[in-house]
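A structural walkthrough
Listed below are the residues making up each chain.
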Amino acid sequence: MKVLAIIVSIFLYVQAFQEPQFLEEWNKFQVKYGKSYRSPHEARKRFVIFNDNMRNISAHNVLYERGESTYKKGMNQFTDWTEAELMQFLEKNSPKTPPKNSGKVFKKTEGIVLPESIDWREKGAVREVKNQGSCGSCWSFSTTGVLEGQFSIVKNEHVSFSEQNLVDCDPVSTGCSGGWPIDALAYVVENGIEKEADYPYEEHNGQCRSDPSKVVKISGYEQIPEGDEAALTEAVATKGPVSICLYAAMEFNAYKSGIFKMPSCFQDAFTHAVLVVGYGSENGEDYYIVKNSYGPDWGDGGYIKVARNYNNMCGLASRATIAVI
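All values reported here derive from a predicted model rather than from experimental measurement. (Residues numbered from 1 in each chain as written. Predicted model: local features only at pLDDT ≥ 70, side-chain atom pairs only at ≥ 80, totals over all residues. Heavy atoms only, no water.)

1. Comments concerning the overall build of the chain
- Looking only at helices and strands, one finds 9 helices and 10 strands in the chain.
- For a compact globule of 325 residues, the expected C-alpha radius of gyration is about 20 Å, and the chain comes in at 21 Å, within 12% of that figure.
- Taking all contacts inside the chain whose residues are at least 6 apart in sequence as the whole, residues at least 24 apart take part in 77%.
- For the chain, the exposed surface amounts to about 15100 Å²; the carbon and sulfur share of it is 52%.
- The average position of the 34 basic charges and that of the 41 acidic charges among the side chains of the chain differ by 3 Å. (Helix = DSSP H or I, 4+ residues; strand = E, 2+ residues; numbered from the N terminus. Rg over C-alpha atoms; globule rule 2.2 N^0.38 Å. Contact = heavy atoms within 4.5 Å. Areas by Shrake-Rupley, 256 points an atom, 1.4 Å probe, with all protein chains shown as cover. Lys, Arg positive; Asp, Glu negative; His and termini not counted. Charge placed at Lys NZ, Arg CZ, Asp CG, Glu CD.)

Right, here's the structure in full:
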């Protein structure tokens, strides 16, 4: 086994330095994302993966420049991960069972004329982009996002709510191992939620220490009819930011700019929860403005434009929920 390990190490070392074209980017990447590795062997392994991913990014961006793709890829914190590692992380941190709660169904308004575009960031209803880190707590960030939007719009209270409160205390969800925003909203109805300043994010599961004297509650929540993009668009336009779940794979996680559009994507498998904060159109392509929880260095300042009116792409309208305060 030791001989095999040495052979593999030598192979990776040689392969890494046969591909120096991304060496400068590799050095910048490690500094920007604070990367450190357990051993020189691990560093060389990650450099080979980084090179492969950067070649993929470069090849894709050629298609983008030719007009053969609607979005551009870029380097981010996942560029030294293999696709298998990323999918393992996403699937491990995805809920294993359907949501336990169901809300009142959002009803569309007959004959309503919606604005051609809306961006709730411009109206002060969206807080800064946060970073879930290595914890599979995207569901909690999607939940706090929809709450923050409603408190801004309805009560003119611009507050940031605590994801850690949900990670530690929601008994239905499984903390860093996944959860559903609708179940988290049901928790807030019954128990309330603290502000971020009082219960800061820690990026791991912990003991619940919620203080009843500091929480705020909501009266309920509503579900968007499953797969109904028209209802989702109306809810965003008339109510505010909406929590959604979708299937996010390697292509999604490599996004940099443009309109993310995939001809084929699962609609009934959910690996990530995010927040729709607006919508619009660009060069004849409709899109939703989606806030992610991977930090502001990911994507377009922490956001991604996802194709709208494109056959419920990646299931984005299948598990959508709004809060009622």
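Picking up after the structure, the text goes on.
2. Digging into the UniProt feature "domain: Peptidase C1A papain C-terminal" (unreviewed entry) in the chain
- UniProt tags residues 114-324 as "domain: Peptidase C1A papain C-terminal" (unreviewed entry).
- End C-alpha atoms of residues 114-324 are separated by 21 Å, and the span's content is 24% helix alongside 21% strand. (UniProt positions renumbered as here; feature names shortened; annotations may be inferred.)

3. Focus: helix 4 (residues 83-92)
- All of the buried residues in helix 4 are Leu-86, Met-87, Phe-89 and Leu-90. Projected down its long axis, helix 4 carries its buried residues within an arc of 160°, all on one side. Facing away from the buried surface of helix 4 by more than 90 degrees, the exposed residues are Ala-84, Gln-88 and Lys-92.
- Those residues of helix 4 hidden inside the fold are in contact with helix 9 (250-253). (Buried < 20%, exposed > 50% of the residue type's maximum accessible area, 1.4 Å probe, protein only. Arc of directions from axis to C-beta.)

4. Considerations on the pattern of salt bridges
- All told, the structure shown has 18 salt bridges when counted by the stated rule.
- Of the charged contacts in the structure, one is a salt bridge between Glu-251 and Lys-73, with a shortest N-O distance of 2.9 Å. With Glu-251 in helix 9 and Lys-73 in strand 1 (residues 71-73), the pair connects residues that are 178 residues apart, well separated along the chain.
- With a shortest N-O distance of 3.0 Å, Asp-228 and Lys-108 are connected by a salt bridge. You can see Asp-228 sitting in the loop between strand 4 (220-223) and helix 8 (229-238) and its partner Lys-108 sitting in the loop between strand 2 (104-105) and strand 3 (118-119), a full 120 residues away along the chain.
- The class of Lys-108 is partly exposed, set by a relative accessible area of 47%.
- Taken together, the shared-partner salt bridges connect Arg-38, Glu-42, Arg-46 and Glu-85 into one network. (Salt bridge = Lys/Arg side-chain N within 4 Å of Asp/Glu carboxyl O.)

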